[in-house]
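Below are the chains, spelled out letter by letter.
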Amino acid sequence: MILLSDHFDYKRLLRYTFPSVIMLIFTSVYGVVDGFFVSNFVGKTPFAAVNFIMPLLMILGCVGFMFGTGSSALIAKTLGEGKSDKANELFTMTVCVSALCGLALAVGGFALLRPIAALMGAKGQLLEDSILYGRIILPALPFFILQYEFQCLFATAGKPKLGLGITVAAGITNMVLDAVFVAAFSWGLSGAAAATALSQLVGGVIPLLYFGHKNSSLLRFTRYIFDGGALLKTCANGASELMSNISMSIVSMLYNLQLMKYAGADGIAAYGVLMYVSMIFQAVFIGYSVGAAPVIGYHYGAQNHDELKSLLRKSLILIGIFSVSMFAAGEALGKPLSLLFVGYDAGLLDMTIHAFAIFSFCFLLSGLTILGSSFFTALNDGLTSAMIAFLRTLVFQIAAVCILPVFWGLDGIWFSIIVAEALAALVTVLFLLGKRKKYCY
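Residues numbered from 1 in each chain as written. Predicted model: local features only at pLDDT ≥ 70, side-chain atom pairs only at ≥ 80, totals over all residues. Heavy atoms only, no water.

S.K.: Help me understand the overall build of the chain, please; the structure alone is not making it clear to me.
M.R.: Of regular secondary structure, the chain possesses 17 helices and zero strands. A globule of 441 residues ought to have a C-alpha radius of gyration of about 22 Å, and the chain, at 21 Å, matches this closely. Summarising its shape, the C-alpha atoms of the chain cover approximately 60 × 45 × 35 Å along the three principal directions. Residue burial in the chain is summarised as follows: out of 441 residues, 59% are buried. (Helix = DSSP H or I, 4+ residues; strand = E, 2+ residues; numbered from the N terminus. Rg over C-alpha atoms; globule rule 2.2 N^0.38 Å. Buried < 20%, exposed > 50% of the residue type's maximum accessible area, 1.4 Å probe, protein only.)

Here it is, written out as structure tokens:
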């Protein structure tokens, strides 16, 4: 058994973070399943509708990542200080607050879905399909938020493998139900949405049952007194992840607008394929960062500066290896992955393969920024983490996607992601260098 207080060499670090990496990859894979079944069994317009409305749903769901990463950093630091009872109180309070937020967001989202989709430019069948898909998923939003939150907290509780098992269970639920509802029963877009909603129910409820009873992890539900200061600290710590996910969703909406202008609905479909693959590939970076964050937070709280330096050095080397691997995979798998989703349309297939060849270069850069943002979150420096995420996912990408297409047309949209990642990587390096004396890493 690996403890947070252990010394972490490469083998131990990989063993501890591996379940989180697989967990995030699996989450991304089963999120892509809807797109595969809708594209191949329902049609191109419903597939575009899923990609069109998904950014809005992700904005609502990413609140779970804010609570998960933010509380994980604070709880790990509290455990490192030897205050296990306080850690359990913080854990319980955060889960309760996030569930209530999920209920409020689900109600608000249900009411505002149509006007927001129309404002984003959806019309006719695209609008109706988007509303149908979103309204079936929204009732499960509280569990979606909890699922994201627990993905982070299982690592903090010292049970990353259990977190992986629950994610696999939720993923298998989605995959099986997609095959049954969409392929076998021909329920179309409604079936795909129902499969996703039920899988989110599985991913959110099982952890509630586990932590609600006596268990062998570091955390369990207990009585607590509301601590507004700790909740504010949690939100500040997780602000970068919230900002990152919200910004990515907003930028995806902007990309959809630009793609409608330069390539029509086919452009949105091609972008959807890129985003599906990007979610899977970048899940490696995010999963590693989520898995390593409790270790970093613990040793920061325990003031083990030598271990903190070692963790950062090893993490940078591992992320570099992952980045080169993801780039090579993107270049090699661009055509077969495009065939898997849009092989039925020759024009759309050519557009998607060409976009892949350009887009894959972003994987060389994004891992460093994701790690840097997560590293500062683990140090409870939410402001620096949020600045990195804000610049990477909002400022640089909006500027690039608005400017580059003016000169390079559709290719400018694909290149804009690479330019934004390069600028964000530079900012991350500057922050890491500038803060090294303050945090003694």
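S.K.: Help me understand a positive patch on the surface, please; the structure alone is not making it clear to me.
M.R.: Among the surface-exposed residues, K11, R12, R15 and K161 lie close enough to one another that they form a single positively charged patch. Ranked by residue count, the leading element in the positive patch is helix α1 (residues 10-41), at three residues. Residue position: K161 is located in helix α7 (residues 160-184). Overall, K161 belongs to the exposed group, its relative accessible area being 64%. (Patch = residues over 30% accessible without salt bridge, like charges linked within 9 Å, V, L, I, M, F, W, Y side chains within 5 Å. Areas by Shrake-Rupley, 256 points an atom, 1.4 Å probe, with all protein chains shown as cover. Salt bridge = Lys/Arg side-chain N within 4 Å of Asp/Glu carboxyl O. Lys, Arg positive; Asp, Glu negative; His and termini not counted. Charge placed at Lys NZ, Arg CZ, Asp CG, Glu CD.)

S.K.: Got a minute to help me understand the side chain of N51 in this structure?
M.R.: With respect to the helices and strands, the residue N51 is situated in helix α2 (residues 44-61). Residue N51 is classed as buried on the basis of its relative accessible area, which comes to 11%. At 3.0 Å, the side chain of N51 forms a polar contact with the side chain of Y276. Sequence-distant contacts of N51, that is, excluding residues within four places in its chain, are made with N256, I268, A269, G272 and Y276. (Polar contact = N/O pair within 3.5 Å; in protein donor to acceptor, adjacent residues only side chain to side chain. Contact = heavy atoms within 4.5 Å.)

S.K.: For this particular structure, what's the right way to read the pattern of salt bridges?
M.R.: Pairing is possible between side chains that carry opposite charge, provided their charged atoms lie close to one another. Applying the stated rule across the entire model yields six salt bridges. Between E128 and R114 there is a salt bridge, with the nearest N and O atoms lying 3.1 Å from each other. Pair noted here: E128 is in helix α5 (residues 124-137) and R114 is in helix α4 (residues 84-119), with a separation of 14 residues, a long-range link. On the basis of relative accessibility, which here comes to 35%, the residue E128 falls in the partly exposed class. One salt bridge connects K435 with D381, and the closest N-O pair in it is separated by 3.5 Å. Of the two residues, K435 sits in the loop between α16 (410-434) and α17 (436-439) while D381 sits in the loop between α14 (363-378) and α15 (382-408), which places them 54 residues apart along the sequence.

S.K.: Can you help me understand α2 in this one?
M.R.: Residue pairs three or four apart in sequence face the same way in an α-helix, which turns once every 3.6 residues. Taking 1.5 Å per residue as the helical rise, α2 with its 18 residues ought to reach 26 Å, and the 25 Å between its terminal C-alpha atoms agrees with that figure. At M54, α2 shows its largest kink, close to 35°, and the proline P55 lies no more than four residues downstream. Along α2, 15 of the 18 residues are buried, which leaves the element largely enclosed by surrounding structure. (Expected span 1.5 Å × (residues − 1). Bend = angle between axes of the 7 residues up to and from the residue.)

S.K.: Whenever I open this one, the packing of aromatic side chains confuses me. Can you help?
M.R.: Two numbers describe a pair of aromatic rings. These are the distance of the centres and the angle of the planes. Per the stated rule, a full pass over the model turns up 29 aromatic pairs. Ring centres of F37 and F41 lie 5.6 Å apart, and the angle between their planes is 25°; this geometry places the pair in the stacked category. In this pair, F37 and F41 are both assigned in helix α1, four residues apart and thus about one turn of the helix distant. Residue F41 is classed as partly exposed on the basis of its relative accessible area of 47%. (Phe/Tyr/Trp six-rings, centres within 6.5 Å; stacked < 30°, edge-to-face > 60°.)

S.K.: Looking at this model, I keep getting lost on the packing of α2 against helix α6 (residues 141-156). Mind explaining?
M.R.: At their nearest, the axes of α2 and α6 sit 9 Å apart, and the two run at 65° to each other. Looking at the two axes, α2 sits roughly perpendicular to α6. In contact with L57, M58, L60 and G61 of α2, α6 contributes L141, F144, I145 and Y148. The class makeup of the residues in the contact of α2 with α6 is seven nonpolar, one polar and no charged. (Axes fitted to C-alpha atoms, helices over the stretch in contact; angles between N-to-C directions. Parallel < 35°, antiparallel > 145°, perpendicular 65-115°, else oblique. Nonpolar A, V, L, I, M, F, W, Y, C, P; charged D, E, K, R; others polar.)

S.K.: Hey, could you run me through the nonpolar core in this one?
M.R.: Side chains of nonpolar character tend, in soluble globular proteins, to be buried together. Ranked by internal contacts, the top residues of the largest apolar core, which has 133 residues, are Y133, Y288, L379 and Y441. The element that contributes the greatest number of residues to this core is helix α11 (residues 265-301), accounting for 20 residues. (Core = buried A, V, L, I, M, F, W, Y, C linked by side-chain atoms within 4.5 Å.)

S.K.: Help me understand the side chain of T69 in this model?
M.R.: Secondary-structure assignment places T69 in helix α3 (residues 63-80). Of the polar contacts made by the side chain of T69, one reaches the backbone oxygen of F65; its length is 2.7 Å. For T69, the contacting residues outside a window of four places in its chain are C152, G238, E241 and T377.

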